[in-house]
Amino acid sequence: MADDHYLQARRSIGRAFALGCLLFLAGCATTGGPDPLQAMNRRFYAFNSGTDRLIMSPVARMYKTVAPKPLRASLTNFFHNVAYPDVIVNDFLQGRIGQGAGDIGRFVVNSTLGLLGLFDVATPLGLKAHVEDAGLTLGRWGVGRGPYLVLPFVGPDTLRNTPSLVMGIFTNVLYYVGNSALTIPLTVFDVINARANASSSLRYVRENAVDRYVFTRDAYLQHRNYLQDGGHLPLKAVEQMLLPPGPAPAPRDPPPLADPAPRPSPVITVPGRAPVAIRPPAPPG
Amino acid sequence: MGQHETGRRWMGSWAVALLWMAMAVAPAWAARTEPAVAVVRQFQNTLLSVMKAGKSLGFQGRYRRLMPAVRASHDLPYIAQLTLGPYWNKLSLAQHRAFVTEFARLTVATYAAQFRRYSGQAFRRTASRAVAQGDVLVATELTTHGHKDATIDYLLAPTAGRWEIVNIVANGVSDLALKRAQYTAIIQKKGFSALLSILRAKVTELSRGAPKR
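Remember, predicted model here, so these are calculated numbers, not experimental data.

Procedures and definitions
Residues numbered from 1 in each chain as written. Chains lettered and ligands numbered in written order. Predicted model: local features only at pLDDT ≥ 70, side-chain atom pairs only at ≥ 80, totals over all residues. Heavy atoms only, no water. Helix = DSSP H or I, 4+ residues; strand = E, 2+ residues; numbered from the N terminus. Buried < 20%, exposed > 50% of the residue type's maximum accessible area, 1.4 Å probe, protein only. Contact = heavy atoms within 4.5 Å. Areas by Shrake-Rupley, 256 points an atom, 1.4 Å probe, with all protein chains shown as cover. Phe/Tyr/Trp six-rings, centres within 6.5 Å; stacked < 30°, edge-to-face > 60°. Lys NZ or Arg CZ within 6 Å of the ring centre and 35° of its normal. Salt bridge = Lys/Arg side-chain N within 4 Å of Asp/Glu carboxyl O. Pairing = 2+ DSSP bridges. Patch = residues over 30% accessible without salt bridge, like charges linked within 9 Å, V, L, I, M, F, W, Y side chains within 5 Å. Lys, Arg positive; Asp, Glu negative; His and termini not counted. Charge placed at Lys NZ, Arg CZ, Asp CG, Glu CD. Axes fitted to C-alpha atoms, helices over the stretch in contact; angles between N-to-C directions. Left-handed = near helix turned anticlockwise from the far one by under 90°. Nonpolar A, V, L, I, M, F, W, Y, C, P; charged D, E, K, R; others polar.

Some points on the overall build of chain B
Helix and strand content of chain B: 6 helices and 5 strands. Going residue by residue from the N terminus, the α and β elements of chain B occur as α-α-α-α-β-β-β-β-β-α-α. A buried classification covers 52% of the 213 residues belonging to chain B. In chain B, the proportion of contacts linking residues at least 24 apart, taken out of those at least 6 apart, comes to 55%. A total accessible area of about 10,000 Å² is found for chain B, and carbon and sulfur atoms account for 59% of it.

As C-alpha cells, then:
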C-alpha cells in the first residue's frame, strides 16, 4: 500500500528502540491467533498514534506547506532508490533471478540517468519497482509469520518481519556514505517526507475505521499476505469470506479471512428496496 | 534443418489450434462476465461523475447521488450479514433491519467522503473472470493522470436475477474482512447496541468532514 515506504522510513528511526524490545517480544511470542500480544500492541499503538498526532502530523503538514509537490516527489524517488538494494538482495535470496536482474537495472538507471534517484526514469522504461524485504524472504523460505506486533516508532509488524529492521540498515546506500552530518539530516527528511506521503492513507484509515487498531492490524496482515503471494489476489480467502458463518461461538479474536461455516439463506430488507433472498441461485444465462 | 522445420510446423499447428480455441471460448467467457462488468462500469462512472461535481455537490449532494447507485450495484443486506460473522444469527429480525440500515448509510457516507473531489482519477478495467460459486471477479485499477494508484478487485454475485457487488479488495485487502474484524471485535467487547451507535456516529462524523491531520 502507500504506507509501505512510510513504514520503511519510520523503521530507520525506530530501529534502535525496537530491536531492544525484540528480545523481550521473542520471549513473549506464543502461537494461536494472529494477535496474541494484543494488550501490549494496543498500548504501543496508542503511543504511536499520540506521537504522530503531537509531532509527526504537524511536522508533515508544515513540510507539505513549505516543499512543493515536485520536490517532494523527487525526494520520495531519491529515498526509495537509496533503499532499493534491500529489494535486490532479497530478490536473489528468494531465487527471483530475473526480477533481481531487472531491479539491478532499475537501480543503476535511476542512480545515473535519474540523477542519484531524484527522477524515476526506470519505470517508463519498463523496469517496474518491486516490494521485497527480509520478512517476505523468510516467508518464501517457509518461516511462519509469528505474532502480529506494533513496535514503538515503527508501527505494524510481525515477528518474522523484524529482521528487515536490521537488514534495511545495511542495504541502504546512506549507511555507506560514512558522513553522519549528511546521513542524519537525510534520514530525518526521509521520515518526514514519508509521513507526508502517507497522509492520504492515514486519512483513509481515520475515515473508514470504526476500530482503528483492528482496521490497521487486519489491513497490514492482509496486505503482507498479498505481497507474499507476489501481488496476486488471495481469491480463495476472499471467496471464503462470502460464506456466512454458522452458529459457532465467536472467537476471542477472529483472524482476518477466517474460514466460516456454510451459509444459510435468510431474507432481509434494506429500506426502500424490495425484500431480497440472500444469494438465491444464479440467474439463467 | 529438417527436424527444425518439423518442430516449427508442429508449434505452428499448436498455435493455430490454441488461437482457434481462444476465439471459440472468448465470446462465451465475455458474455458470461459482461453483465457483471457492466455493473462495475456503471458504478465507477457514477463515482467519477460525483467526484467531478464533488465540491459543488457537498457531502449531502454526493450522498444523495451515491445512495441509489450503491443500492443498485451492491448487495448490501448480504454484505451486512457477512460483516457480523457468527453474531448475525444471534440477532433478531428487527436488529438485522436496524443494522442493514446503518450499514447502508455508512457505506454510502464512506464513498461520499472518499470520492469528494476529482484530480485526474480514472478506472481502468484489467480483467474479468468467473470464479467459484458462480461469482465473477472484475479486476480494475484506480489511476491518477495515468499512473496506477491501487488495484481494486470487485467480486460480484448473482442476486435475484442481477449481478451485485459483494466484496471489494483493494491492493489485496478485503473490505469485507476488515469490516468483519472490526464489527465482531466491537460486538464482543461492547455489544450490538454499541456497534449501532458507533456506526451512526461515524456517519455523522463523515458528514461533517474528517479533521485534517
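Observations concerning the packing of aromatic side chains
Counted under the stated rule, the structure contains 16 aromatic pairs over all chains. Ring plane angle 85° and centroid distance 5.3 Å describe the contact between Phe47 of chain A and Phe153 of chain A, whose orientation is recorded as edge-to-face. Taken together, the residues span a long stretch of sequence, with Phe47 of chain A in helix H2 (residues 38-66) and Phe153 of chain A in the loop between strand S1 (148-151) and strand S2 (155-158) at a distance of 106 residues. Judged by centre distance (6.4 Å) and plane angle (65°), the ring pair of Tyr63 of chain A and Phe189 of chain A falls under edge-to-face. On the criterion of sequence distance, the pair formed by Tyr63 of chain A in helix H2 and Phe189 of chain A in helix H8 (residues 180-197) is long-range, its members being 126 residues apart. A relative accessible area of 9% means that Tyr63 of chain A is categorised as buried. An aromatic cluster is defined as three or more aromatic residues linked by ring pairs; in this entry it consists of Tyr45, Tyr148, Tyr213 and Tyr220 of chain A. Across from the ring centre of Tyr84 of chain A, 5.4 Å away, lies the NZ or CZ of Arg106 of chain A, which sits over that ring. Sitting over the ring of Tyr118 of chain B, Lys52 of chain B keeps its end group 5.1 Å from the ring centre.

Notes on the pattern of salt bridges
All names here are of chain B. Inspection of every chain in the model, using the stated rule, returns 17 salt bridges over all chains. Among the salt bridges present, the one from Glu164 reaches Arg162, with a minimum N-O distance of 3.1 Å. You can call Glu164 buried: its relative accessible area is 0%. The residue Lys202 makes a salt bridge to Glu205 at a minimum N-O spacing of 3.4 Å.

What about the side chain of Thr83 of chain B?
Residue and element names in this part refer to chain B. Residue placement: Thr83 occurs in helix H3 (residues 76-83). Given the relative accessible area of 0%, Thr83 is considered buried. When near neighbours in sequence (up to four residues on either side) are disregarded, Thr83 contacts Phe99, Phe103, Leu176, Lys179, Arg180, Tyr183 and Thr184.

Topic: the pairing of S2 of chain A
Regular strands place side chains that alternate from one sheet face to the opposite one. Residue and element names in this part refer to chain A. Bridge analysis of S1 against S2 gives 4 bridges, and the strand direction is antiparallel. Of the residues in S2, the one forming a bridge with Val150 is Pro156. Between S1 and S2, which pair antiparallel and follow one another directly, the connecting turn spans 3 residues, one of which, Phe153, has a positive phi of 70°.

Observations regarding the sheet that holds strand S1 (residues 121-130) of chain B
Residue and element names in this part refer to chain B. In spatial order, the strands read S1-S2-S3-S4-S5; together these 5 strands make up an open sheet with antiparallel pairing. Unpaired on one side and paired on the other, S1 and strand S5 (173-174) mark the two borders of the sheet. In this sheet, strand S2 (residues 136-144) lies alongside S1 in antiparallel orientation, the contact comprising 9 bridges. Across the sheet, the residue bridging to Ala122 is Thr143, located in S2.

Some words on the pairing of S2 of chain B
Residue and element names in this part refer to chain B. Where burial is concerned, most of S2 is hidden: 9 out of the 9 residues are buried. The side-chain alternation of S2 yields two buried faces, one formed by Val136, Val138, Thr140, Leu142 and Thr144 and the other by Leu137, Ala139, Glu141 and Thr143. Turn length for the S1-S2 hairpin, with the two strands adjacent in sequence and antiparallel, is 5 residues, and the turn residue Gln133 shows positive phi of about 65°. Counting the residues between successive antiparallel strands, the hairpin from S2 to strand S3 (residues 147-159) contains 2 residues, one of them, His145, with a positive phi of roughly 50°.

So, a positive patch on the surface
A cluster of basic residues, Lys64 and Lys69 of chain A together with Lys55 and Arg117 of chain B, forms a positive patch at the surface. Residue Lys69 of chain A is classed as exposed on the basis of its relative accessible area of 64%.

Notes on the packing of helix H10 (residues 212-228) of chain A against helix H5 (residues 175-190) of chain B
Two packed helices can be described by the angle between their axes and the distance between those axes. The N-to-C vectors of H10 of chain A and H5 of chain B enclose an angle of 145°; their axes lie 9 Å apart at closest approach. Between H10 of chain A and H5 of chain B lies a crossing of right-handed hand. Contacts between H10 of chain A and H5 of chain B involve Val214, Phe215, Asp218, Ala219 and Gln222 of chain A on the former and, on the latter, Ala177, Leu178, Ala181, Gln182 and Ala185 of chain B. Residues belonging to the contact of H10 of chain A with H5 of chain B are distributed by class as follows: 7 nonpolar, 2 polar and 1 charged.

By themselves, these figures tell us nothing about what the structure is for.
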